[in-house]
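The primary structure of each chain is shown beneath.
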Amino acid sequence: MHVNKTKKIAILGVFAALSTVFTVLGTVISVNTVFFTALAAYLVGYAIFRYGLPAGLMQCVICTLLDAFLNPDKFNFFVYLGFGIYIIFSEFVFQKANKIKDPKKKMRRQLIYNWILFNIIYIPTVLFFENILIREAAFTGSAQKWILLAVGQVGWWIYDKAYREFFRFLRERKLLKK
């Protein structure tokens, strides 16, 4: 029993280190900030799938703190936190709240839940903290906010699709087992 707990803590520690490396890489290679930050957040989803929601929450908190302390770009930890919260709540809804038995219907309903969850996180970010998303304004005023909102919806679709493909990739290679 203690061996399983020790193994779980060790694997979560490796995930935390790998997530931190990804977020710092996203800062160093600035054109790939969102890619590396999203990849780091995918590890939170893997931790949730493998060890449960409390382990995934712990992973997200630890990685956010590590990112805040070690990453030279202090705004990046807000982006990571947003991705991590999105994945935590998405997995919570998928595991606990979405009780539909048919897999196709369950996935369709999950996509609607995920879209609503994304907009709960994203719209206030665009309205009140747009400097987290864009450093230099190409447009000003409400035009920039509308463009950010539209681009964010496309970005969400790509992110969510990539997240599902990430798990499909792990399942095909037998790396994903409970």
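Further up the page is the structure itself.
Quick notes on the rules
Residues numbered from 1 in each chain as written. Predicted model: local features only at pLDDT ≥ 70, side-chain atom pairs only at ≥ 80, totals over all residues. Heavy atoms only, no water. Helix = DSSP H or I, 4+ residues; strand = E, 2+ residues; numbered from the N terminus. Contact = heavy atoms within 4.5 Å. Phe/Tyr/Trp six-rings, centres within 6.5 Å; stacked < 30°, edge-to-face > 60°. Buried < 20%, exposed > 50% of the residue type's maximum accessible area, 1.4 Å probe, protein only. Salt bridge = Lys/Arg side-chain N within 4 Å of Asp/Glu carboxyl O. Core = buried A, V, L, I, M, F, W, Y, C linked by side-chain atoms within 4.5 Å. Expected span 1.5 Å × (residues − 1).

**Student:** Mind laying out the side chain of Thr-20, listing which residues take part and the relevant values?
**Tutor:** Among the structural elements, Thr-20 can be located in helix H1 (residues 2–28). Each residue touching Thr-20, except ones within four places of it in the same chain, is listed here: Leu-66 and Leu-70.

**Student:** Which residues make up the packing of aromatic side chains, and what values go with them?
**Tutor:** According to the stated counting rule, one finds 10 aromatic pairs in the structure shown. Each ring, one from Phe-83 and one from Tyr-159, has its centre 4.6 Å from the other, and the planes form 20°; the classification is stacked. Here Phe-83, found in helix H4 (residues 76–97), pairs with Tyr-159, found in helix H7 (residues 142–172); they are 76 residues apart in sequence, far enough to count as distant. For Tyr-159, a relative accessible area of 8% puts it in the buried group. Relative to Tyr-122, the ring of Phe-118 has its centre 4.9 Å away and its plane inclined at 15°; by these criteria the two rings are stacked. Note that Phe-118 and Tyr-122 are positioned in helix H5 (residues 103–128) at a spacing of four residues, about one turn of the helix. Across this residue pair, the class does not change: Phe-118 and Tyr-122 are buried.

**Student:** Residue-level account of the pattern of salt bridges, with values.
**Tutor:** By the definition in use, this model includes three salt bridges. The partner of Arg-164 in a salt bridge is Asp-160, and the shortest N-O contact between them spans 3.3 Å. Residue Arg-164 and its partner Asp-160 are both found in helix H7; the two are separated by four residues, about one turn of the helix. Judged by its relative accessible area of 1%, Asp-160 falls in the buried class. Several salt bridges share partner residues, and in doing so they unite Lys-161, Glu-165 and Arg-168 into one network.

**Student:** Outline the nonpolar core, listing residues and values.
**Tutor:** With 36 residues, the main nonpolar core has Phe-15, Val-44, Tyr-86, Ile-87 and Tyr-159 as its most contacted residues. Every element with two or more residues in this core is listed here: H1, helix H2 (33–51), helix H3 (53–70), H4, H5 and H7. No other element matches H2, which puts 10 residues into this core. When residues no more than four places from it in sequence are discounted, the contact partners of Tyr-159 are Ala-38, Ala-41, Tyr-42, Phe-83, Tyr-86 and Ile-87.

**Student:** Please give an account of H7 that cites residues and values.
**Tutor:** In a regular helix each residue adds 1.5 Å, so 31 residues correspond to 45 Å; H7 covers 45 Å between its end C-alpha atoms and thus fits that length. Buried within H7 we find Gln-144, Leu-148, Leu-149, Gly-152, Trp-156, Tyr-159, Asp-160, Tyr-163, Phe-166, Phe-167 and Leu-170. Once H7 finishes, Lys-174 follows within two positions and takes phi at roughly 60°, a positive value.

**Student:** Describe in detail H2, supporting the description with residues and values.
**Tutor:** Each turn of an α-helix holds 3.6 residues, which means side chains three or four residues apart point in the same direction. Between the first and last C-alpha of H2 there are 27 Å, a value that for 19 residues agrees with the 27 Å anticipated at 1.5 Å per step. Within H2, the full set of buried residues consists of Phe-36, Thr-37, Ala-38, Ala-40, Ala-41, Tyr-42, Leu-43, Val-44, Gly-45, Tyr-46, Ala-47 and Ile-48. Note on H2: the residue one or two positions beyond its end, Gly-52, has a positive phi of about 105°.

**Student:** Report on the environment of Tyr-46, specifying residues and quantitative values.
**Tutor:** Inspection of the secondary structure puts Tyr-46 in helix H2. Taking the relative accessible area as the measure of exposure, Tyr-46 reaches 9% and is therefore buried. Considering only alpha carbons, one finds Tyr-46 and Phe-167, 121 residues apart in sequence, at a separation of 8.1 Å.

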